[in-house]
Amino acid sequence: MDKEELTPLLEEIKRVLNDKIDEETLKSELDKYLNEYHVDKEAARRGILRKYGAIDSSAVLSGTVLKKIDTLTGNEQNADIIGKIVSSERRAAGQNGRIVISGVLGDETGTVQFTVWEPGDSELPPGSVFAFRNCYCRTWNGTIQVNVGSRGRIEPMESDISVKETAASVPAEKKKIGYLRGSEQNAEITARVMESERRTVFSRGENKEIISGVLGDETGTVPFTIWNSSGIDLETGSVYDFAGCYCKIWRDQIQLNLGNNGTVSPSSENIEVSGYTPSPKISAPGEKKKISELTGKENSVDLEVKILASDIRTVNIRGAPKDIISGIAGDETGTVPFTIWETEGLKIEKGSAYTFRNCYCKVWNDTIQINMNRGTAEPLDRNIDVSDRTFIANPAECKVKDIREGIGSISVRASVISCEKREVEIKGETRTVWSGMLADETGKIQFSAWKDFGIKERDSLLIENAYVRSWRGIPQLNLGERCAVSAIDSDFEIPADDGTPRTVADILMNGGGVDITISGTIVDIRAGSGLIKRCPECRRSVLGGMCQIHGQVEGVSDLRLKAVIDDSTGAIGAVIGRQDTEKLAGITLSETEALASRLGESAALAEIASKALMRKVRASGNVIVDDFGPSITVRSLETLKTDTKAEARKLLSEVEANLS
Amino acid sequence: MSDNPFRSGGDYMPQETRGPARPKSRETAWRVFSSELNATKLEIRAAEEKMPSYVVTPLGAKINRILIAGTLTEKEDRGTEEEHMWICRIEDTSGHFFVNAGRFQPEASAALSSMTVPCYAAAVGKVRMYTNTDGSTGISVRPERIIEIDESTYLDWVLDTAVSTWDRLRNMKRACSSPDTDAEALIRAGVNPAEAEGIIYAIDNDDPPDSGVYLRSIQNALRRLLPGEDVDFGFPDSAGSEPSGPPAGSQESSAEKEDIILRLLEELDSGGRGAPRDELERRAESMGISSIDLEEISNSLMDKGLVYEPNLRYLKRI
Ligand SMILES: [Zn+2]
């Protein structure tokens, strides 16, 4: 920013600070705000004024702009207006009957309605001129209103103003639906109600009833919302006059709104509606189909199925936890995953048969899924043979990263990274198990084979009909009696040792795993971080010189962080060991100990925390999910270096492509 | 024995539901520009104690916790040396955040004491909606953690936030363009459940958002990230509309005021008869709660069944 442009600002600050600051200091302060930190002039002015004590506590933390009435947009949050009182009245407002003064204010450019919410003893006689400071504006129905709230104030002025008698509002315009532009502030339309629905919504701290639906006239249809529906009763099919409407536009979609000051009255006009197609609804009894006949496009279909797997999950819908049931259903022709979204009073038992009525289908990842929302599941008194053949012929083939408990029988193509033969004792019986690690290009998973399939390291295999069990949130693949294993040629690109990238949301939904990589920001450092003592025998952390296994021991110093990493999809606990902590904080264990003996352990930890917090990192390790949430035991950690310019250019071209 | 860092603190709590036990997740820290946060009008108040409250932005971000960054341009301590009450502004490329830290934010409060204005700062904290006496609302951030950062860490945040703003804008557009969209449909289309839920809540309860505001925020962010390059979505450079500041005396949301009054009631109830009204009024006044506010708060507490009036001059906790 060049010097000339800055002169007025510089002068203003100097004047206000009244020589509390010399010009050189002021210039360098301004330069810092504007050129080093790139904040705008207003923020710089306020920052400097506050720093040097020229903004007192009673002044609010915001800036104001002097406005002429015809430039008001109705969205001002903090404006100053100088005007002449055209009319004013002291009255009781609202439920508690507080006294306000409202009226009309004018200047050379127009007039506007105003309300002073805490007038005290102030008088606003017509004809006098006042400065309305720290006002905010609102629009009602196309009319702009100026409000002087608790932060605002009114000051009498000596000057006189000749008022231009044009109200700062948008004149009402009579419109046909097809000619709405979407920016109308005060439109009147006459239209037939094609659809209407009364709903309760929670808005600004209270429940309120709104009416929404579709209006139509000769020129088209438009969705509408009536925000204050008290006393309004709309009959579908009837014609009404709607006055005081405002429109909003979201790209191509115009929406008509009726605010508090809008009115609706029955009209005798006869209106032929054109261009109306009813909103899709699930209605008529569904078409009866077998699973193999599904196309994925069905809107309402009935199926007779047997439940092969079913799981109740809690998801959050509209702020409230809600149970949904998902699983796998089968009939004589095949199997299909299902989700039931309305589970009130519904019990779905594995192995039982049901008639699913009014389901709709979606295709997701090339797989057909059936969904039931307003449909019903009725117990069916007949046995459905989901032949093994059918079920086995269509086991879901997945990638390693998609493997999770509850998806039933699965097939996977993967390479064997490691495999070892072990004896385990299960319910008093010794069994041989071949266990190790499998991987494909998407990730790694532990497996256990309960019979000898001849699995060797570096084999590439097609494993069919395996099942999944989780341990501490980590899914593991089990190869049981019904499993088939065959060698394949595939050469997998096994993810490098830095692990499979996953999001926290994905981990919360699908469980933990081995060798997972998380990228996010360190947002918290938890208790148990910093200098600790470990048992020399077992490496457990010791408290008060006691190891819970080895008793009294001479602890060995160690450094670790218990951090919280947030990747914007969720948060995960991370236990970071000494080496990575040293690297992250730029301080060694011995330096930390020296610091701690000088300033205390909490000061040493604060030093480390100040280096670690808000850092973007990539952490790899095994992820478990237990009662306390997901956590990663970090095996390697690095600070993320983003090429912000390249990423910004990517975003730029994406936005531009979508704008044109 | 679990080493899980969440063992300390109540970020995750085992959930009592049927089916496999799933821990409730710690609230995600949303990356949101100040322009979007300050335009927020919707609040979802916790129905029960220990349940989180949220605000829902016009683009459907359902926020309890937020990650913000920017230039700390102003800080003012309205508390005492022993008990700070910091009121700050942090400017990002779209406007500014209001940040308040007092005795319930000890780490952040201590950190703010040693920060010099101006500097780049990042904060993680909870959002609070406050209502001014005139009925207008505003949002402030109560930081759990705040620290000074370098410019490149700030620019990383600007980029991340621009990307996530763009994602929300697109998802919102998709949701608005089909009238019968519900959360399920969005989830099926690949939007994550938390975001889908927020979008539907915003559509149901708020006016459709003005996409121009958010395109301009993205434009300004990209201009900061790519100085000298041609970034023009057709919006003037100036920052977004000024949000209103937290007015003196009403920084506490009504939930916090209720907490204060409940604590006072316990403190003043020496003889088990309840707290004398006049004393309560005096103490409340000294904590910035007017007698009219007190009336409103005690009514609300009575409605909730938390307090009652043993007689006209006393108020007592149940
Ligand atoms: Zn030990």
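Up top you'll find the structure we're talking about.
Residue numbers here run from 1 along each chain, matching the order of that chain's written sequence. Each chain is given a letter, starting from A, and each ligand a number, starting from 1, according to the order in which they appear as written. Where local features are concerned, this predicted model is filtered to residues with pLDDT of at least 70; where side-chain atom pairs are given and counted, the filter is 80 or more; whole-chain, interface and lining totals use all residues. Hydrogen atoms and water are omitted, and side-chain values are computed over all heavy atoms in the structure.

Visitor: Tell me what's going on with the overall build of chain A, and back it up with residues and numbers.
Guide: Scanning chain A for helices and strands turns up 9 helices and 36 strands. Between buried and exposed lies partly exposed: a residue is buried under 20% and exposed over 50% of the maximum accessible area for its type, with that area taken using a 1.4 Å probe on protein chains only. A buried classification covers 49% of the 660 residues belonging to chain A. The contact rule is simple, with two residues in contact once any of their heavy atoms fall within 4.5 Å. For chain A, long-range pairs separated by at least 24 residues make up 56% of all intrachain contacts whose partners lie at least 6 apart in sequence. Looking at chain A as shown, the accessible area adds up to about 32700 Å², and 46% of this sits on carbon and sulfur atoms. Only DSSP runs of H or I covering at least 4 residues are called helices, and only runs of E covering at least 2 are called strands; the numbering of each starts at the N terminus. The Shrake-Rupley method, run with a 1.4 Å probe, gives the accessible areas here. Residue values count only the displayed protein chains as cover.

Visitor: Lay out the coordination of the zinc ion in plain terms, naming residues and giving numbers.
Guide: When four donors bind a metal tetrahedrally, each ideal donor-metal-donor angle is 109.5 degrees, and when six bind octahedrally, the ideal angles are 90 or 180 degrees. Residue and element names in this part refer to chain A. Coordination partners: N, O, S within 2.8 Å of the metal, 3.2 Å for Na, K and Ca; water not considered, so apparent gaps in a site are possible. For the zinc ion, the full set of protein donor atoms is Cys535 (SG), Cys538 (SG), Cys547 (SG) and His550 (ND1), and the range of their distances to it is 2.1 to 2.3 Å. The sequence pattern formed by the donor residues of the zinc ion is C-x2-C-x8-C-x2-H. One end of the pair, cysteine 535, is in the loop between β29 (530-534) and β30 (541-542); the other, cysteine 547, is in strand β31 (residues 546-547), with 12 residues separating them in the sequence. The same class applies to cysteine 535 as to cysteine 547, namely buried.

Visitor: Run through helix α5 (residues 193-205) of chain B, naming residues and quoting values.
Guide: All names here are of chain B. Compared with an ideal rise of 1.5 Å per residue, which puts 13 residues at 18 Å, α5 spans 18 Å between its outermost C-alpha atoms and is within 8% of the ideal. For α5, the buried fraction is high: 10 of the 13 residues fall into the buried class. Three or more residues of α5 are buried, namely Glu195, Ala196, Glu197, Gly198, Ile199, Ile200, Tyr201, Ala202, Asp204 and Asn205. For this analysis, a polar contact is any N or O atom pair within 3.5 Å, provided that within protein one partner can donate a hydrogen and the other can accept it, and provided that sequence-adjacent residues contribute only side-chain to side-chain pairs. N-capping of α5 is provided by asparagine 192, with a side-chain oxygen placed 3.0 Å from the backbone N of alanine 194. In this analysis, the expected span of each helix is defined as 1.5 Å times one less than the number of residues it contains.

Visitor: Could you give an account of the nonpolar core, with specific residues and numbers?
Guide: A:Ile522, B:Leu37, B:Ile63, B:Ile66, B:Leu72, B:Phe97 and B:Leu222 are the most contacted members of the largest nonpolar core, which has 126 residues in total. The element best represented in this core is helix α3 (residues 151-177) of chain B, accounting for 11 residues. Each residue touching A:Ile522, except ones within four places of it in the same chain, is listed here: A:Ala563, A:Val564, A:Ile565, A:Leu584, A:Ala612, A:Leu613, A:Met614, A:Arg615 and A:Val617. By nonpolar core we mean a set of buried residues, namely Ala, Val, Leu, Ile, Met, Phe, Trp, Tyr and Cys, connected to one another through side-chain atoms within 4.5 Å.

Visitor: Which residues make up the interface of chain B and chain A, and what values go with them?
Guide: In this assembly, 107 residues from chain B lie in contact with 107 residues from chain A. Buried area counts how much accessible surface, traced with a 1.4 Å probe, disappears from two parts once they are put together, with both parts' losses summed. A buried area of about 9600 Å², summed over both sides, lies between chain B and chain A, and 56% of it is on carbon and sulfur atoms. Along the contact surface separating chain B from chain A lie 20 residue pairs in polar contact (both at pLDDT 80 or more). At 15 residues, the largest contribution of residues to the side of chain B that touches chain A is made by α3(B). Note on residue categories: nonpolar means Ala, Val, Leu, Ile, Met, Phe, Trp, Tyr, Cys or Pro, charged means Asp, Glu, Lys or Arg, and polar means any other residue, Gly included. Its residues assigned to classes, the side of chain B that touches chain A comprises 50 nonpolar, 20 polar and 37 charged.

Visitor: With reference to specific residues and values, describe the sheet that holds strand β10 (residues 275-276) of chain B.
Guide: Residue and element names in this part refer to chain B. Two strands make a pair as long as DSSP finds a minimum of two bridges between them. Ordered in space as β10-β12-β11, the 3 strands form an open sheet in which the pairing is antiparallel. Each edge of the open sheet is held by one strand with a lone partner, namely β10 and β11 (307-308). Both β10 and strand β12 (residues 314-317) contribute to a ladder of 2 bridges, which runs antiparallel. Across the sheet, residue proline 276 finds its bridge partner in β12, namely tyrosine 314.

Visitor: Residue-level account of the packing of helix α6 (residues 578-585) of chain A against helix α8 (residues 601-612) of chain A, with values.
Guide: Residue and element names in this part refer to chain A. Note on definitions: angles span 0 to 180 degrees between N-to-C directions of axes, and those axes are lines fitted to C-alpha atoms, for helices only across the stretch in contact. Across the interface, α6 lies against α8 with an axial gap of 8 Å and an inter-helix angle of 75°. When the axis of α6 is compared with that of α8, the two are roughly perpendicular. Every residue of α8 that contacts α6 at Thr581, Leu584 and Ala585 is listed here: Ile608, Lys611 and Ala612. Class assignment of the residues belonging to the contact of α6 with α8 gives a composition of 4 nonpolar, 1 polar and 1 charged. Should an angle fall under 35 degrees it is called roughly parallel, over 145 degrees roughly antiparallel, and 65 to 115 degrees roughly perpendicular, with every other angle called oblique.

Visitor: Describe helix α2 (residues 106-113) of chain B, listing the residues and the values that go with them.
Guide: Residue and element names in this part refer to chain B. Regarding α2, the residues found buried are Ala108, Ser109 and Leu112. Along the axis of α2, the buried residues cluster in a sector spanning 100°; they form a single face. Its buried side turned inward, α2 meets β5 (65-77), β6 (86-92), β7 (95-101) and β9 (137-148). What the arc covers is the set of directions going from the helix axis to the C-beta atoms.

Visitor: Run through the packing of aromatic side chains, naming residues and quoting values.
Guide: Only centres within 6.5 Å qualify two rings of Phe, Tyr or Trp (six-membered ring in Trp) as a pair; their planes then separate them into stacked at under 30 degrees, edge-to-face at over 60, and tilted for everything else. For the structure on display, the rule yields 10 aromatic pairs over all chains. Relative to B:Tyr154, the ring of B:Tyr120 lies with its centre 5.1 Å away and its plane at 25°, an arrangement referred to as stacked. Here B:Tyr154 lies in helix α3 and B:Tyr120 lies in strand β8 (residues 119-131), a separation of 34 residues in the sequence. Looking at B:Tyr120, the relative accessible area reads 5%, which means it is buried. Of the aromatic side chains, those joined through ring pairs into one cluster are A:Tyr37, B:Phe33, B:Phe97, B:Tyr120, B:Tyr154 and B:Trp157. Both a distance and an angle decide whether a charge sits over a ring: NZ of Lys or CZ of Arg must be within 6 Å of the ring centre and within 35 degrees of the ring normal. Here the basic side chain of B:Lys62 rests over the ring of B:Tyr54, its NZ or CZ set 4.2 Å away from the ring centre.

By themselves, these observations are geometric and do not establish any function.
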